[in-house]
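Observations on the model geometry
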Amino acid sequence: MKNLITATLMTIVTTILFGLLYPLVITGLAQVIFPDKANGQLIKRADGTVIGSRLIEQPFSSPGYFHSRPSAAGAAGYDAGASSGSNYGPTNQKLFDRVKADVEKLQADNPGARLVPVDLVTTSGSGLDPHVSPASAEFQVPRVARERGVSEDEIRRVVATHTEGRQFGFLGEPVVNVLELNLDLDEKMPMRK
Amino acid sequence: MTANGWLQILFFLAVILAITKPMGLFITHVFGGERTFLHPVLRPVERLIYRLTGVDESREMRWTEYAAGVLLFSLVSMLLLYLIQRLQGVLPFNPQELPGVDSSASSTGFVASAFNTSASFTTNTNWQSYVPETTMSYLTQMAGLAYHNFASAAVGISLAVAFIRGVARRESGTIGNFWVDFVRANLYVLLPLCFVFALLLVSQGVVQNLRPYDTAKLVDPQTVEVERKDAAGNVLTNPDGTTQKETQHVNEQTIAQGPVASQEAIKMLGTNGGGFFNANSAHPFENPTPFSNFLEMIAIFAIGAGLTYTLGRMTGSQRHGWAVLAAMVVLFLAGLVTAYWAEARGNPILTRGGVDQSASAVQSGGNMEGKEVRFGIANSVLFATATTDASCGAVNSMHDSYTPLGGMVPLTNIMLGEIIFGGVGSGLYGMLIFVILSVFIAGLMVGRTPEYLGKKIESYDVKMAMLYVLIFPLLILAFAGVSVISPSFGSSQLNNAGPHGLSEILYAFTSATGNNGSAFAGISANTLWYNTTIGFATLFGRFMMIVPVLAVAGNLARKKVVPPSLGTFPVTTPLFSTLLVSVILIVGALTFFPALSLGPIVEHLLMSAGKTF
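Residues numbered from 1 in each chain as written. Chains lettered and ligands numbered in written order. Predicted model: local features only at pLDDT ≥ 70, side-chain atom pairs only at ≥ 80, totals over all residues. Heavy atoms only, no water.

**A look at the overall build of chain B**
Filter applied, for reference: Strands are runs of DSSP state E lasting at least 2 residues, helices are runs of H or I lasting at least 4, and numbering of each runs from the N terminus. Values of the radius of gyration come from C-alpha atoms, whereas the globule rule sets the reference at 2.2 Å times the count of residues to the power 0.38. The cut-offs for exposure are 20% and 50% of the maximum accessible area for each residue type, with area from a 1.4 Å probe on protein chains only; residues under the lower value are buried, those over the upper are exposed, and the others partly exposed. Between two residues, a contact is recorded if the distance between any of their heavy atoms is within 4.5 Å. The method behind every accessible area is Shrake-Rupley, applied with a 1.4 Å probe, and residues are considered shielded solely by the protein chains displayed. His is not counted, nor are the chain ends; Lys and Arg add positive charge and Asp and Glu add negative charge. Think of each charge as sitting on NZ of Lys, CZ of Arg, CG of Asp or CD of Glu.
For chain B, the count of helices and strands is 18 helices and five strands. Computed over C-alpha atoms, the radius of gyration of chain B comes to 24 Å, within 12% of the 25 Å expected from 2.2 N^0.38 for 613 residues, which places it in the range of a compact globule. Counting the 613 residues in chain B, one finds 64% classified as buried. Excluding contacts between residues fewer than 6 apart, the proportion of contacts in chain B whose partners are at least 24 apart in sequence is 78%. Summed over all atoms, the accessible surface of chain B reaches about 20,100 Å², with 65% contributed by carbon and sulfur. In chain B, 33 side chains carry a positive charge and 34 a negative one; their mean positions are 14 Å apart.

Now the structure itself:
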C-alpha cells in the first residue's frame, strides 16, 4: 500500500517535471535562440502569405518547374498534416504499376531521356522529402530550360546554387532543394506566359 | 555500397566506442551515489522529489519489493496516460482541437487505440497504431507520451543497474532502491543529455513550438485523382472491382507543427522510438539534416554502450564489460553489412523497368522506395540496424519497403532479443541472461559447475534464464499464428500480398513483444484485434521478462563468491565473446528460422525470379 502511494506521487511529480517543465523550458529557449528554425523555416511572400517550408516537399507538375519526388502522404500526396511512406513491399504489383507509369511519363516529358534516376520515381519515407538527388535535377534540366526559354547552362547554374554537398564534407548525400530552386527560377527567369 | 558510406559507418562506430567509457563511468558514479559535476544543480531537486513522494533514499529493497515497485509505478503511470488521451479534448495545449482518443468520432467503432498506446509507451515499445499529427494534442505528446519516454527508459536503466548489483554484491539480501534508481536515472542521466540534445536538434531545424498547424498556399496548385470514399471513410469500388476515382484541386498544404525537439531527444536517448509525426525520423521536422540524423543514431546506442562499461566497473572486471561489448559489435556489423549490401543492390524488378539504381557521385542509388534523399542508402540502413539492435524502433526509412533480405535484418535483430547494445537497460539485462546461458553451456562442456564472476550458476538461475528466453518466441509465434489464420483477425489488414504480408504480421508481433515499436508499417493495425493483441504483447513482453530477470538478480546477490580455479571458464576473453555470439545466434536461429523462411527468405527468391503480388 505504501508503495502504491509512492507510485502515485512519483507519477505526478515526475510528470510535472519531465512532461511539462522540461518541454516548456526547451520551447522557450528554442524560440529565443532559433526562432526561425523552431517554427519550421516557413517561406513567406512579401505580404506575409505562407507559401511553404524549406524543409517540406511541395508538389510540382507544370513542365517549367523542377518536379519533386512522388509522395504517399495523405490521400492526394504531399500532405504535411499526414506524413507517410507508401509501405509498398519490394514484390508489390502496385509499386511496379506506379513506377512504370511514372517512368513512361517522365520519358515522354523529357525527350531523349535515358534511364530515370531512382529517387524521382520512388516515394520517400515521409512523403515530404524536400530534396531530389543532383542526378534527378540534371534529368529535368533540358525540359525546364525549354519551357523557360533559356539555355540549359543557365538553368544548371541556378541548380548548382541550390545543390548542397554532404554536411561537413562527409555526412549524408548531396541534395537539391526543389522548392527553393523553383522559387529562385521564378524570380530570375520567369516562365513565358 | 560506396567508400563514403563505409566512412560514415566507421565514423559512427568510432564515436560510439569513444563515448562508452565516459558514459559508463558517469552512470557508475550516479548509481553509486557519488558526487558528480551535476550535483550542485540537481541534488536539491533530487532531495525535493524524495520529500514530496515520501521516499527514504537510504532504504534498500529485496528483489521482490523492487519488482513490486516497478509494476506498481508502471500501472499507475499507464492509467494516467490512458486518462490524458481520453480527456485531451478538454485539456489545454490543444490548438488543433483534437477530440479525445477513441471518442465516438471514430467511424469504425471502439478500436482500443488508447489502451494500445498506453501499454505501448509504458513498456518502452512506442508501437503507434495512430497517426500522431491527426490524433494527439500537444499536451498528450508532452505530458503523456514524451513523459513515458523518460519514465520507461529510467525503469530500464534501473533494472539493469539492479541486475549488475546482483552480480557484484556478495551475500546480500537486497539489490538497491527502485525509487532512488528511477529518480537518478531520470535526473542525472536522461534530463541533462536531453537538454543539450534537444537544443542541438533545433539548431538543425527540428521544430519546437506550440503554435497551430500552418497552411501554405502552393506555388504550383495541383489537380489530382484520388480514390472516392463514403462518409465512413471506406473506398468506393465500381461493379467491376476497380476503385472509383474523383478529381480534386489542391491549392493548399497543411504543415503540422509542435514541441518536437524536446520529445525527439528523449525518444532517441531512451530508445523509445515513438515519432511525434507519423513518418517518425524520416519526417524533415523530426530529422532535417544528416547531422541531426547522426546525433539521433548516436543517441540510440549511447546509454546501452555505456552500460557495458558500468557492468565491468561495478563487478570489478572491466575486461568482462569489454568482452560483452565486443560480442555486441560483432553482431551489429553482421546485420549492418547484410542490410547495406541488400539495399544498395536495389530492386531487380525496377532495374528492368528503366530505373537507374546505380550509385554515383550524383545519386546514392539503391532501393530508394521509402527512403529520404538526404540520408541515401548508407544512413538509412545504419539507422534501421541500430534502431532494431537496440529496442528503439524509430525509423528514418520505411522498413516495409526494404528488399526482402534488407528487411529481414531489422526483423532478425529484434528476434535475437535486442541485446546488441540493446534498449537502455533492457539490452544489458537481456544480454546478461545470454551470458548466464553461455557460462552454463561452457560448464556443461567441461563437466564443471558453471560460475559467473565467482558466483555459482545453479538450477534456479538457469530455469529463470530459460523462462526469459522462452516467453519471448512463445508470445510472438502464438500471436502471429492466430492473426494469420483468419481475415477477421489479422490478414485482412495487410498492405502487401504474398510472403511480404506474412512478414508484416510477424514483424508486428516481434516488434511488440520485443518492445521495439518499429513496424512494417503497411499493416493497418488500428483495429480492435491488433490494438488489443499488440497491447498485451507489449505488456507481456516487458513485465513477464522483468520478473525472472529480477529473480536471478536477487538470487545472485545472495551467493557467496568462490575463488576462480583451473576449471573456471573466464568471461573476459575473445573465446567467451565468440561463445556468447554463438549461443545468441543458435537460440535465435532455432526459434525463428522456420517463420523467416516463409516470409523474407522465400520473398527474396521470388523477387529474384521477377515475381510480384
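Here the narrative resumes, following the displayed structure.
**Section: the domain arrangement of chain B**
Residue and element names in this part refer to chain B. The condition is simple: Domain boundaries shown here were taken from an automatic or database domain assignment. Here, a salt bridge means any Lys or Arg side-chain nitrogen found within 4 Å of an Asp or Glu carboxyl oxygen.
As assigned here, chain B comprises domain 1 (19-213 + 258-307) and domain 2 (214-255). Placing the centre of domain 1 and that of domain 2 at their C-alpha centroids yields a distance of 38 Å. Taken together, the contacts link five residues of domain 1 with five residues of domain 2. At the junction of domain 1 with domain 2, the criterion picks out one salt bridge. The closest approach of N and O atoms between arginine 211 and aspartate 214, which form a salt bridge, is 2.9 Å.

**Things to note about the domain arrangement of chain A**
Partitioning chain A into structural domains gives domain 1 (1-39) and domain 2 (40-188). Its C-alpha centre places domain 1 of chain A at a distance of 39 Å from the equivalent point of domain 2 of chain A.

**Observations regarding the packing of helix H15 (residues 459-485) of chain B against helix H16 (residues 499-513) of chain B**
Residues and elements named next belong to chain B. As a reminder of what qualifies: Orientation is described by lines fitted to C-alpha atoms, with helices fitted over the stretch in contact, and by angles between N-to-C directions that extend from 0 to 180 degrees. A crossing counts as left-handed when the near helix is turned anticlockwise from the far one by less than a right angle, and as right-handed when that turn is clockwise. Three categories are distinguished: nonpolar for Ala, Val, Leu, Ile, Met, Phe, Trp, Tyr, Cys and Pro, charged for Asp, Glu, Lys and Arg, and polar for the others, with Gly belonging to the last.
The contact between H15 and H16 brings their axes to 9 Å, and the two run at 145°. As for the relative orientation of H15 and H16, their crossing is right-handed in sense. Counting all contacts with H15, which are made through Phe472, Leu475, Ile476, Leu477, Phe479, Ala480, Ser483 and Val484, the residues of H16 involved are Leu502, Ile505, Leu506, Phe509, Thr510 and Thr513. Of the residues contributing to the contact of H15 with H16, the split by class is 11 nonpolar, three polar and no charged.

**Looking at the packing of aromatic side chains**
Residues and elements named next belong to chain B. For the record, the criterion: When the centres of two rings from Phe, Tyr and Trp lie within 6.5 Å, Trp using its six-membered ring, the rings pair. Their planes under 30 degrees apart give stacked, over 60 give edge-to-face, and anything left gives tilted. Two conditions define a charge sitting above a ring: the NZ of Lys or the CZ of Arg must be within 6 Å of the ring centre, and it must be within 35 degrees of the ring normal.
For the structure shown, the criterion picks out 30 aromatic pairs over all chains. Summarising the aromatic geometry, the rings of tryptophan 6 and tyrosine 340 are spaced 5.1 Å apart at their centres and angled 65° between planes, so their arrangement reads as edge-to-face. Residue tryptophan 6 is located in helix H1 (residues 3-31), and its partner tyrosine 340 is located in helix H10 (residues 318-345); the two are separated by 334 residues in the primary sequence. Judged by relative accessible area, which is 30%, tryptophan 6 ranks as partly exposed. Ring geometry for phenylalanine 11 and phenylalanine 294: centres 5.2 Å apart, planes at 25°, overall stacked. One end of the pair, phenylalanine 11, is in helix H1; the other, phenylalanine 294, is in helix H9 (residues 290-315), and 283 residues separate them in sequence. Feature note: the residues Tyr66, Phe73, Phe178, Trp179 and Phe182 constitute an aromatic cluster, connected by ring pairs. If you follow lysine 371 out to its NZ or CZ, it ends over the ring of tyrosine 402, 4.0 Å from the centre. Looking at lysine 611, its charged tip hangs above the ring of phenylalanine 613, at a distance of 4.9 Å from the centre.

**Regarding the interface of chain B and chain A**
Selection criterion: Note on definitions: buried area is the accessible-area loss of two parts on being combined, 1.4 Å probe, summed for both.
Contact with chain B, which involves 116 residues of that partner, is made by 103 residues of chain A. A buried area of about 8,900 Å², summed over both sides, lies between chain B and chain A, and 65% of it is on carbon and sulfur atoms. Three residues stand out in chain B for area buried against chain A, namely Val219, Glu369 and Val373 of chain B, and they jointly supply 8% of the buried area on that side. Our enumeration of links across chain B and chain A arrives at two salt bridges. For aspartate 129 of chain A, the salt bridge identified is with arginine 374 of chain B, shortest N-O distance 3.8 Å.

**Description of a nonpolar patch on the surface**
Rules: Residues with no salt bridge and a relative accessible area higher than 30% make up the patches, which join like charges within 9 Å and nonpolar side chains (Val, Leu, Ile, Met, Phe, Trp, Tyr) within 5 Å.
Together, Val25, Leu29, Val32 and Ile33 of chain A together with Phe195, Val196 and Leu200 of chain B make up an exposed nonpolar region whose accessible area comes to about 570 Å². Sorting the residues of the nonpolar patch by element identifies helix H1 (2-33) of chain A together with helix H7 (178-204) of chain B as the ones contributing at least two each. Among the elements that take part in the nonpolar patch, H1 of chain A stands out by supplying four residues, more than any other. Within the element layout of this structure, valine 25 of chain A appears in helix H1.

**Details of H7 of chain B**
Residue and element names in this part refer to chain B. Applicable threshold: Here, expected helix span is obtained from the residue count minus one, scaled by 1.5 Å. The term bend refers to the angle at a residue between two fitted axes, each drawn through seven residues, those ending there and those starting there.
Taking 1.5 Å as the rise per residue, H7 with 27 residues should run 39 Å; its terminal C-alpha atoms sit 37 Å apart, in good agreement. Of all the bends in H7, the greatest reaches close to 40° and is centred on leucine 190; the proline proline 192 follows between one and four positions later. Counting buried positions along H7 yields 22 of 27 residues, so the element is predominantly enclosed.

**What to know about the nonpolar core**
Stated precisely, the cut-off is as follows: The definition of a nonpolar core used throughout is a set of buried Ala, Val, Leu, Ile, Met, Phe, Trp, Tyr and Cys residues joined through side-chain atoms within 4.5 Å.
Judged by nonpolar contacts, the single largest core of 236 residues is most densely connected at Phe66 of chain A together with Phe73, Phe163, Ile303, Phe421 and Tyr452 of chain B. The contact partners of isoleucine 303 of chain B, leaving out residues within four places of it in the chain, are Met23, Ile27, Ile157, Val189, Leu190, Leu269 and Val424 of chain B.

**Digging into the pairing of strand S2 (residues 50-53) of chain A**
Residues and elements named next belong to chain A. Note the following rule: For two strands to pair, DSSP has to find at least two bridges joining them.
The sheet contact formed by strand S1 (residues 42-44) and S2 spans three bridges and is antiparallel. Counted as the bridge partner of lysine 44 is valine 50 from S2. Linkage of S1 to S2, two consecutive antiparallel strands, is achieved through a turn of five residues, within which glycine 48 is found at a positive phi near 95°.

**Regarding the environment of methionine 466 of chain B**
All names here are of chain B. Counting through the fold element by element, methionine 466 comes out in helix H15. The exposure class of methionine 466 is partly exposed, given its relative accessible area of 30%. Between the alpha carbons of methionine 466 and serine 597 there is a distance of 25 Å; along the sequence they are 131 residues apart.

**Digging into the pattern of salt bridges**
For the structure on display, the rule yields 29 salt bridges over all chains. One salt bridge connects glutamate 180 of chain A with arginine 54 of chain A, and the closest N-O pair in it is separated by 3.0 Å. Taken together, the positions of glutamate 180 of chain A in helix H6 (residues 178-188) and arginine 54 of chain A in the loop between S2 and helix H3 (93-109) put the pair 126 residues apart, joining distant regions of the chain. Among the salt bridges present, the one from glutamate 147 of chain A reaches arginine 146 of chain A, with a minimum N-O distance of 3.7 Å. A network of salt bridges, in which partner residues are shared, links Arg69 and Asp129 of chain A together with Glu372 and Arg374 of chain B.

**Focus on helix H2 (residues 39-53) of chain B**
So the rule is basically this: Along the arc lie the directions from the helix axis toward the C-beta atoms.
An ideal rise of 1.5 Å per residue puts 21 Å on 15 residues; H2 of chain B measures up with 20 Å between its terminal C-alpha atoms. What H2 of chain B keeps buried is the set His39, Leu42, Arg43, Glu46, Ile49, Tyr50 and Thr53 of chain B. Looking straight down H2 of chain B, one finds that the buried residues subtend no more than 120° of arc, so they occupy a single side. In this structure, H2 of chain B carries Pro40, Val41 and Arg51 of chain B as exposed residues pointing more than 90 degrees from its buried face. Residues of H2 of chain B that are buried sit in contact with H1 of chain A together with H7 of chain B. In the segment just after H2 of chain B, glycine 54 of chain B is the residue with positive phi, at about 70°.

**Things to note about the sheet that holds strand S5 (residues 163-164) of chain A**
Across a sheet, paired strands are connected by hydrogen bonds in the backbone, their directions being either parallel or antiparallel. All names here are of chain A. Sheet architecture is open: three strands sit in the order S4-S6-S5, paired in antiparallel fashion. With one partner strand each, in any of the chains shown, strand S4 (131-132) and S5 form the two edges of the open sheet. Across two bridges, S5 lies against strand S6 (residues 175-177) in antiparallel orientation. Residue pairing in the sheet places threonine 163 in a bridge with valine 176 of S6.

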